[in-house]
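# An overview of the molecular structure
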Amino acid sequence: MNLSYWEYKTWLFNVDFTVIGSGIVGLNCALHLKEKYPHSKVLVLERGTLPQGASTKNAGFACFGSISEILDDLDKHSEEEIVALVQKRWEGIQLLRQLLGDDAIGFQNHGGHELFLKDNKALYEGCLDGMDKLNRLLKPIFGEEPFLKTKNLFGFEGIFDDYVTHQFEGQLDTGKLMDSLLQKALRQGIHILNAVEVVGFSDSGGSVAVETSSFSFKSKKVFVATNGFAAKLLKKETILPARAQVLVTKPIKNLKIKGTFHLDEGYYYFRNIDDRILLGGGRNLDFKTEETTEFGQTELIQNKLEELLRVVILPDEKFEVDGRWSGIMGVGNQKSPIIKPISNNVYCGVRLGGMGVALGSLIGKELADLIDS
Ligand SMILES: Cc1cc2nc3c(=O)[nH]c(=O)nc-3n(C[C@H](O)[C@H](O)[C@H](O)COP(=O)(O)OP(=O)(O)OC[C@H]3O[C@@H](n4cnc5c(N)ncnc54)[C@H](O)[C@@H]3O)c2cc1C
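What comes next concerns the included structure.

Conventions and cut-offs
- Residues numbered from 1 in each chain as written.
- Predicted model: local features only at pLDDT ≥ 70, side-chain atom pairs only at ≥ 80, totals over all residues.
- Heavy atoms only, no water.
- Salt bridge = Lys/Arg side-chain N within 4 Å of Asp/Glu carboxyl O.
- Helix = DSSP H or I, 4+ residues; strand = E, 2+ residues; numbered from the N terminus.
- Buried < 20%, exposed > 50% of the residue type's maximum accessible area, 1.4 Å probe, protein only.
- Contact = heavy atoms within 4.5 Å.
- Near = heavy atom within 4 Å.
- Polar contact = N/O pair within 3.5 Å; in protein donor to acceptor, adjacent residues only side chain to side chain.
- Areas by Shrake-Rupley, 256 points an atom, 1.4 Å probe, with all protein chains shown as cover.
- Nonpolar A, V, L, I, M, F, W, Y, C, P; charged D, E, K, R; others polar.
- Pairing = 2+ DSSP bridges.
- Axes fitted to C-alpha atoms, helices over the stretch in contact; angles between N-to-C directions.
- Parallel < 35°, antiparallel > 145°, perpendicular 65-115°, else oblique.
- Phe/Tyr/Trp six-rings, centres within 6.5 Å; stacked < 30°, edge-to-face > 60°.

## Considerations on the pattern of salt bridges
This model, assessed by the stated rule, comprises 22 salt bridges. Residues Lys-340 and Glu-237 are paired through a salt bridge, measuring 3.1 Å at the closest nitrogen-oxygen approach. Of this pair, Lys-340 sits in strand S17 (residues 338–343) while Glu-237 sits in the loop between strand S11 (216–224) and strand S12 (240–249), and the two are 103 residues apart along the sequence. Using a relative accessible area of 32% as the deciding quantity, one classes Lys-340 as partly exposed. Take Glu-237: its relative accessible area is 16%, and that puts it in the buried class.

This is the structure in structure tokens:
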């Protein structure tokens with residue numbers, strides 16, 4: 001593309017910081033850079049017309065780990081690692097709420113409930129057995145014991161009578177959150193260019209040459225926040241894409257269900273939003289097909305989601321599905337994100353798994369702070 005003198009001078013000359021990806025991590029990183037260095041030129045490059053990864057596609061759970069998720073994590077990671085990660089998720093959501101305000105992100109705290117299917121008694125009993133231990137471990141973070149047993153208030157079918165509730169889990173409006181972040185970034189004078197895909201960069205030691213699908217330019221520092229797509233630019237890191245499929249119902253009259261819900265070890269999740277139910281999950285039905293950076297839905301998973309609505313979630317209601325979509329997460333062999341320098345002037349903050357709503361703002365800040373370390 002032949003850029004005009006004005007285009008080059010205004011957007012691409014003397015760029016101090018380039019952030020690749022305008023998801024929750026990239027935008028928080030850009031905001032922190034601008035706050036620390038108010039006179040700097042900060043540029044965010046996003047390949048989608050809207051952010052096109054996970055941050056505008058997710059379920060909006062402000063979650064810190066359901067009981068079965070944390071017990072499973074403890075089998076694979078040390079206690080210290082897991083407590084530190086929960087702490088970060090908790091700090092991350094506070095940071096986000098302070099930055100944008102609860103109204104602006106539609107934050108509500110109705111609790112997060114884990115439901116246990118009757119055909120998985122072992123999981124149910126294992127979680128009840130582990131509850132005291134987890135409460136002891138996590139009380140210092142939340143100030144109170146986070147997990148408690150509550151009754152099946154909403155008439156779900158085929159589950160045990162008790163939920164295990166995380167009383168501090170909340171929910172937010174994903175669209176409002178991302179819009180607020182984008183608006184704030186623009187107000188701070190951050191340049192955001194959409195429909196620009198970064199195809200490569202090379203760090204000469206003094207600055208970074210950035211090549212995009214449309215033009216090339218130089219930036220003093222580059223921050224990679226491309227999460228599920230990161231393997232394309234960060235060849236040495238282990239980041240696998242993980243597609244997650246979702247559906248939303250049409251409005252349901254007098255819908256009583258309120259809160260966030262985890263089912264079947266967190267492989268399914270649903271919540272209320274605007275008198276509707278948003279339901280996602282089912283990657284475990286076909287991990288291989290869902291390990292992709294291609295957006296899309298499969299019959300296998302969408303049928304299972306509808307079956308859960310019919311049989312477990314809304315057994316006595318007539319409902320219609322209004323929309324379906326998918327998003328791409330970044331996962332790997334370790335649960336925690338990768339936040340580190342890649343070369344002298346290139347840094348990355350990626351691999352947020354299904355935790356980015358609560359965790360993303362803190363990871364964005366930590367990514368921005370890497371230039372001082
Ligand atoms: C369906 C679904 C439900 C989820 N539910 C929850 C939930 O309830 N709670 C929770 O905590 N987490 C949830 N998550 C996970 C959460 O959404 C992510 O952890 C979080 O959004 C990650 O943010 P990010 O900024 O790291 O990545 P992303 O939001 O994926 O942002 C990366 C951006 O980089 C852009 N990009 C990629 N490559 C390039 C390139 N080469 N050049 C320019 N731009 C590029 C992409 O277009 C994208 O916009 C869910 C995810 C999905 C998909």
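## Describing the environment of Ile-252
Mapped onto the elements of the fold, Ile-252 is located in the loop between S12 and strand S13 (260–263). With a relative accessible area of 4%, Ile-252 lands in the buried category. Residues Ile-252 and Glu-320, spaced 68 residues apart in sequence, show a C-alpha to C-alpha distance of 8.8 Å. Apart from residues lying up to four places away in sequence, Ile-252 is in contact with Asp-275, Ile-277, Leu-314, Glu-317 and Phe-319.

## Regarding the site of the ligand
Taken together, the neighbourhood of the ligand is formed by 39 residues, with Glu-46, Gln-52, Ser-55, Phe-61 and Val-357 sitting nearest. In this structure, an oxygen atom belonging to the ligand sits 2.5 Å away from a side-chain N or O atom of Ser-55. Isolated, the ligand exposes 1000 Å² of accessible area, and the fraction of that covered by the protein chains is 98%. Broken down by secondary-structure element, the contributors of at least two residues to the shell around the ligand are helix H2 (24–36), S12, strand S16 (321–331) and helix H10 (356–369). Of the residues that constitute the shell around the ligand, the class distribution is 22 nonpolar, 13 polar and 4 charged.

## Examining the pairing of S13
Side chains of S13 alternate between two faces, with Thr-260 and His-262 and Phe-261 and Leu-263 buried alike. Relative to S13, strand S4 (residues 112–115) runs parallel, the two being bridged by 4 bridges. Note that in S13 the partner of Leu-115 across the bridge is Leu-263. Bridge count for S13 against strand S14 (residues 268–273) is 4 bridges, and the pairing is antiparallel. By the bridge assignment for S14, Thr-260 is matched with Arg-271. Once S13 ends, the chain turns through 4 residues before running back antiparallel as S14, passing Asp-264 with a positive phi of about 55°.

## Here we look at the packing of helix H3 (residues 67–76) against helix H6 (residues 121–142)
Where H3 contacts H6, the two axes come as close as 9 Å, and the packing angle between them is 80°. Between H3 and H6, the angle falls in the class roughly perpendicular. Across the interface between the two elements, Ile-67, Ser-68, Ile-70, Leu-71 and Leu-74 of H3 pack against Leu-123, Gly-126, Cys-127, Gly-130, Met-131, Lys-133, Leu-134, Leu-137 and Leu-138 of H6. Split into classes, the residues belonging to the contact of H3 with H6 amount to 10 nonpolar, 3 polar and 1 charged.

## With respect to the environment of Lys-232
In this structure, Lys-232 sits in the loop between S11 and S12. Sequence-wise, Lys-232 and Val-199 are 33 residues apart; in three dimensions their C-alpha atoms are separated by 8.3 Å.

## A short note on the packing of aromatic side chains
Under the defined criterion, the tally for this structure stands at 23 aromatic pairs. Ring centres of Phe-156 and Phe-270 lie 5.4 Å apart, and the angle between their planes is 85°; this geometry places the pair in the edge-to-face category. Separated by 114 residues along the polypeptide, Phe-156 in the loop between strand S5 (147–151) and strand S6 (162–166) and Phe-270 in strand S14 bring together distant segments of the chain. Each of the two residues, Phe-156 as well as Phe-270, counts as buried. In textbook terms, an aromatic cluster arises when at least three aromatic residues are bridged by ring pairs, as seen for Phe-154, Phe-156, Tyr-163, Phe-261 and Phe-270.

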